[in-house]
Amino acid sequence: MSDEFDRLVAEFDRFQSRLQRVDDQFAGIAQMQEELSALEATATSPDQSVTVVSGPGGSIKDIRITDAALRHGGTELSGMVMATLQQAVAESARQQAVLVDQHTGNSMQLTEQVLETQAELLGTDVEELRAAMERGAPAPQRSVEEEQHEDYSERELLADPAEKTPPPPPPPSSAGSAGDDFLKNLFDDEDHR
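The rules we used
- Residues numbered from 1 in each chain as written.
- Predicted model: local features only at pLDDT ≥ 70, side-chain atom pairs only at ≥ 80, totals over all residues.
- Heavy atoms only, no water.
- Core = buried A, V, L, I, M, F, W, Y, C linked by side-chain atoms within 4.5 Å.
- Buried < 20%, exposed > 50% of the residue type's maximum accessible area, 1.4 Å probe, protein only.
- Helix = DSSP H or I, 4+ residues; strand = E, 2+ residues; numbered from the N terminus.
- Contact = heavy atoms within 4.5 Å.
- Arc of directions from axis to C-beta.
- Polar contact = N/O pair within 3.5 Å; in protein donor to acceptor, adjacent residues only side chain to side chain.

Caption draft 1: Quick look at the nonpolar core. With 8 residues, the main nonpolar core is built from Ala43, Val50, Val52, Ala69, Leu77, Met80, Val81 and Ala88. Here the element with the most residues in this core is helix α2 (residues 74-104); it accounts for 4 residues. If we ignore the near neighbours within four places in the chain, the residues touching alanine 43 are Val50, Thr51, Val52, Thr84, Gln87 and Ala88.

Spelled out as structure tokens, the structure:
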């Protein structure tokens, strides 16, 4: 009977150990959620006149535009805001991936996936993005001129701009993040003008 009792005690110890690992994992998830909710990424335009603060999920927490930025034409300022916004959101995504990988033991290799995707979208190298992350610098971005380059291949160049019809509103989203709500309100405000 002693062997049977020893075996049961050993199984109970293994079960307790598994329960402890599950508890530790849940504690790690709660910690990760707290860190993710506090996450902020700040990007500033090269001339320091536009600053964007992005939070988790690409949410935009703040946009600051200096008086000097207002001296740029509308098109140039718009391009600067968009480029800076994209830079902040991209940095936020990288920070989120790093946090998740830290809490999951890099089992998902999420940081690598994000870096590969961003390198492809930004037309840069994964190693360049990784190096920028390690030194805390913003990732390389395309210039405002590159951002403003448009593809006119499918446009009617001789169309009267006054006859331009507004684009249709975006499709409704099933997941309502703060960013989605902001964009919906933005489109709704434009439709009511």
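Caption draft 2: Here's a closer look at unusual backbone geometry. Even without a glycine there, the phi angle at glutamine 48 is positive, about 65°. With respect to the helices and strands, glutamine 48 occurs in the loop between β1 (41-44) and β2 (50-54).

Caption draft 3: Region of the structure containing helix α4 (residues 126-134). Among the residues making up α4, those that are buried are Val126, Leu129, Arg130 and Ala132. Viewed along the axis of α4, the buried residues span an arc of 160°, placing them on a single side of the element. At its buried positions, α4 is contacted by α2 and α3 (110-122). Between a side-chain oxygen at the N-terminus of α4 and the backbone nitrogen of glutamate 127 the separation is 2.9 Å; the capping residue is aspartate 125.

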